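Remarks on the overall topology
Here is how the chains run, residue by residue.
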Amino acid sequence: MKKLSLFTGALLFSTLFYKQNIGLNLTLFSLTTILILGIYNPIAFKKKRTIAFCILYIITAISIFFYKSTLSIVANCVAFFTLIGHVSQYNSSIYINWINGLYTFIAGFFHRNFSVIENEQKVKPNKTIDYVHWTKIIGIPMVVVIVFISLYKNGNPVFSNLISKIDFGFLNFQWILLSALGYYLLYNISTPIAVNPATEIDLKTGNILKNSSKFSIENSKKENQLGVILISLLNLLIIIFLITDFTYLLSSNDLRASIFSNQVHSGINALIASIVMAIIIILYFFRGNLNFYRNNKTLKNLSYLWIILNIILVINTSVKDYQYIYYFGLTYKRIGVLIYLLLTIVGLITTSIKVMKIKNFWYLLRVNTHTAFTILIVCSVVNWDKHITFYNINYAQSMDFRYLNNLSNNNTFLLKHYCDYLEFKGKNNRLVNKKYNNYIKELNDRNWQELSYDNFKLDSEK
Amino acid sequence: MKTPLIILKASIMATCIFWTILFSRNFESEMVPFIIVSFIPISICCGLTIMLTIYPFFKLKKDVESSMNIFKKYFPFYAIFSFGLCLYGSITIPDIICFFASAFFTTMQTWVWFGKVKGTTN
C-alpha cells in the first residue's frame, strides 16, 4: 500500500509537471504530498500542530490556484519545508524545521541509504530482493497481455477501435525520468529526517537565560556604567533626530514623488541601521551576567526608552510611507516597506520582552522567525495586484498607469472592467485591451494541469 | 574502499546520469562515441570536486571522529549548499541542467561511499 502510493504519486508528478507551467498542478501536488506524509506518518497527523501546519500548507496551495503569484509559490515552498520539518521533530524551532524539511526533501534518500548501510554493519540483513522473481511477475504477464491484445484486435473491430484510442503519446523517456525524479522526491519526504546535532541542540536549548558561574560584581558594574553612558547618548541622538524629522514633516509642503521617495527610502535606511544596531547593542549588554546584576534598573529603563523611541521612528516612517501611498498610489516597494516596518515593530517588542523576562538570543530568533513565517503566509493569500490596481484607480491622488499595466495578469479583469466603465485615455485603453486579449488567449491555451481560478471565471462569463 | 576507487565509481555514475539526461532530450547514434571521450573531463571534474570538497571532511576529522559521525554531522549542510548551487546553476543556465543534476547526485552518493568506509579513507 505504502509503496503503491509512492509509485502512483511519482506517475502523478510527471503527469502534472511534464512540460507544464505552474497552476492547478502545484495545488494537486501539495495535496498528494500531504496524503503521502499522512500514509507514512499517521501518528504525526494526530497532533494539532501538524494539522495546523497542514492547513497553512493547503492555504498556500489554494492561493497558488487563485493567484499564481511568485509570493504564493514561495510561501507554498516554505510551508512545505515547515510541515516536513515538523513531522521529523515535533518540538523543534521553526528554523530547524526549515533545515530538516529542506534536507529531507533533497537528500532523504541518501541519508536513509547510509542509515541502511550503518544498520547492515550491526545486524545481518534478513531479507534480499528477488530480482528474478520480480522480473518474472512483471515481464511475463506483460508480454502475454500484449500478445493477446494483438490477437483480440484482429478478431473484434470494436475492441480494435478501443485499443487504438488509448494514446500513450505523452510517454517518453523524459517523462519517465521525471517520474523517477517524482519517486525520488516523494520517497525522500515519506519519512522525514532530523538533522543532527542541530536538532538535538535546539531541543536542549530553552528560552531562558541562565546565570553563569563566573559572575563578577566588579565587571558587571563596569559594563553597566558603559551601557548607561552609551544608551543615554544614543537616546539623546535619536530624540534630536526625531525632533528635526517631525519639524521637517510638518513644515514641508512639497509633494514631489522624488522628495517623498527619498524621504521614505533614507528613513528606511536609517531605520535598518538604527534598529540592527539597537538590537545588537541590547543583545550585547544583556547577553549574560548584566541581567542578574542588582543595579541594572537604569540600564534596563534606558533600553526600554530606546526601544520606544525606535518604535516612534518606525511610526514616523510609516506615516511618510502612508502619505507617499496616498499621493502616488500603492506599489510593491511601498507595501514591502510597510511589511518591513511591521516586522521591525515585532522585533523591537520581542527585544524588550527579552530584556524584561531575561530571555536568551534563541528566544528572539524563534519568535521572530515564527512571526516572519506567519506574515509570509498571510501575505501570500492576498491578491496584491488587484488591490494595488483598485486602490490606485479609486483612491490615489495620482496614478502611474504603465505600472498597473505591467503588473501580473491578476489585475487584468479589473483593468478591463475599469476600461469598459471608466474612460481611460485612448492609449491606455489600447494597452488594457491588448493585455486582456493576450491573457484570454493564454487562458484558453492552458492545459488542465495549468488551470487557475481565472479559467473558471472566464467559463462562467461565457 | 580506497579513494581512487570512489572517484572512479563517481565518474562512472556522473557519466551515466549526464548522458541519460542528455539522451532523454535528443538521442542521436552519432553521439555515442562522445560518451567515452566525455569520461575524461567528467573524471577530472569528479576527482577535483571530491578531493577538494568531500575528501577533506574525512581526512581532517578522521582521527577524532568515525566516518559515520562525519557523514551525519556535515553531510546535511553540504547537501543543502550543493543543492542551492546546482539549483541556481540550473535556473541561470538551463541548457546544462544535465551537468548540475549529475554533479548533485554524484556528490551525494560519494558522501555515502565515503561514509561507508571503515577505518582509513586512503
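In the annotation of an unreviewed UniProt entry, the entry for chain A reads DUF4173 domain-containing protein, and the organism field reads Flaviramulus multivorans.

A word on the packing of helix α13 (residues 332-356) of chain A against helix α14 (residues 361-380) of chain A. Residue and element names in this part refer to chain A. Contact pair α13 / α14: the axes reach a minimum separation of 10 Å and the direction vectors enclose 155°. As judged from the angle between their axes, α13 and α14 are roughly antiparallel. Both α13 and α14 take part in a crossing whose hand is right-handed. For the pair α13 and α14, contact is made by Ile339, Leu342, Leu343, Val346, Gly347, Thr350, Thr351, Ile353 and Lys354 and by Tyr363, Leu364, Val367, Asn368, Thr371, Ala372, Ile375 and Cys379, respectively.

Before going further, it helps to spend a moment on the interface of chain A and chain B. Much of the literature gives interface size as the accessible area that the parts lose upon coming together. Opposite the 21 residues of chain A that make contact, chain B presents 22 residues. When chain A packs against chain B, the two sides together hide about 2100 Å² of surface, and 81% of this comes from carbon and sulfur. Put simply, chain A and chain B have zero salt bridges between them. Across the chain A-chain B interface, the total number found is zero residue pairs in polar contact (both at pLDDT 80 or more). At 12 residues, the largest contribution of residues to the side of chain A that touches chain B is made by helix α5 (residues 94-122) of chain A. Across the side of chain A that touches chain B, the residue classes tally to 15 nonpolar, five polar and one charged.

Residues and elements named next belong to chain A. Over its 16 residues, helix α1 (residues 2-17) extends 22 Å from the first C-alpha to the last, a length consistent with the 22 Å expected when each residue adds 1.5 Å. Residues of α1 that are buried make contact with α2 (24-40) and α8 (173-190). After α1 finishes, the residue Lys19 shows a positive phi value of roughly 55°.

Next up on the list: the nonpolar core. Counting residues in hydrophobic clusters, the biggest one holds 80 residues, and the most contacted among them are Leu83, Tyr103 and Ile106 of chain A together with Phe75, Met108 and Trp111 of chain B. The residues contacting Phe75 of chain B, other than those within four sequence positions of it, are Tyr103, Ala107, Phe110 and His111 of chain A together with Ile70, Met108 and Trp111 of chain B. By size, the runner-up hydrophobic cluster in this structure holds 27 residues, among which are Leu234, Leu242, Leu302 and Val337 of chain A.

Structurally, the position occupied by Gln109 of chain B is in helix α4 (residues 97-116). Leaving out residues up to four positions away in the same chain, Gln109 of chain B has contacts with Phe110 and Asn113 of chain A together with Met13 of chain B.

This paragraph deals with the pattern of salt bridges. Residue and element names in this part refer to chain A. For the coordinates displayed, the defined rule picks out six salt bridges over all chains. One salt bridge connects Lys441 with Asp445, and the closest N-O pair in it is separated by 3.2 Å. On the criterion of helical spacing, the pair formed by Lys441 and Asp445 is a turn pair, its members being four residues apart in helix α18 (residues 426-445).

Here we come to the state of the cysteines. If you walk through the whole model with that rule in mind, you get zero disulfides over all chains. Free cysteine: Cys77 of chain A, not disulfide-bonded; nearest cysteine sulfur from Cys54 of chain A at 16 Å.

What follows is about the UniProt feature "transmembrane region" (unreviewed entry) in chain B. In the UniProt entry, the feature "transmembrane region" (unreviewed entry) is given for residues 6-23, 35-58 and 78-106 of chain B. What you have in residues 35-58 of chain B is 100% helix and 0% strand, and the ends, taken at the C-alpha atoms, are 31 Å apart.

For any pair of aromatic rings, geometry is given as the distance between the ring centres together with the angle between the planes. Residue and element names in this part refer to chain A. By the definition in use, this model includes 46 aromatic pairs over all chains. For the ring pair Phe109 and Tyr184, a centre distance of 5.9 Å and an interplane angle of 65° mean the geometry is edge-to-face. With a gap of 75 residues between them, Phe109 in helix α5 and Tyr184 in helix α8 connect regions that are remote in the sequence. The class of Phe109 is partly exposed, set by a relative accessible area of 33%.

The rules behind these values
- Residues numbered from 1 in each chain as written.
- Chains lettered and ligands numbered in written order.
- Predicted model: local features only at pLDDT ≥ 70, side-chain atom pairs only at ≥ 80, totals over all residues.
- Heavy atoms only, no water.
- Axes fitted to C-alpha atoms, helices over the stretch in contact; angles between N-to-C directions.
- Helix = DSSP H or I, 4+ residues; strand = E, 2+ residues; numbered from the N terminus.
- Parallel < 35°, antiparallel > 145°, perpendicular 65-115°, else oblique.
- Left-handed = near helix turned anticlockwise from the far one by under 90°.
- Contact = heavy atoms within 4.5 Å.
- Buried area = accessible area lost by both parts, 1.4 Å probe.
- Salt bridge = Lys/Arg side-chain N within 4 Å of Asp/Glu carboxyl O.
- Polar contact = N/O pair within 3.5 Å; in protein donor to acceptor, adjacent residues only side chain to side chain.
- Nonpolar A, V, L, I, M, F, W, Y, C, P; charged D, E, K, R; others polar.
- Expected span 1.5 Å × (residues − 1).
- Core = buried A, V, L, I, M, F, W, Y, C linked by side-chain atoms within 4.5 Å.
- Buried < 20%, exposed > 50% of the residue type's maximum accessible area, 1.4 Å probe, protein only.
- Disulfide = S-S within 2.5 Å.
- UniProt positions renumbered as here; feature names shortened; annotations may be inferred.
- Phe/Tyr/Trp six-rings, centres within 6.5 Å; stacked < 30°, edge-to-face > 60°.

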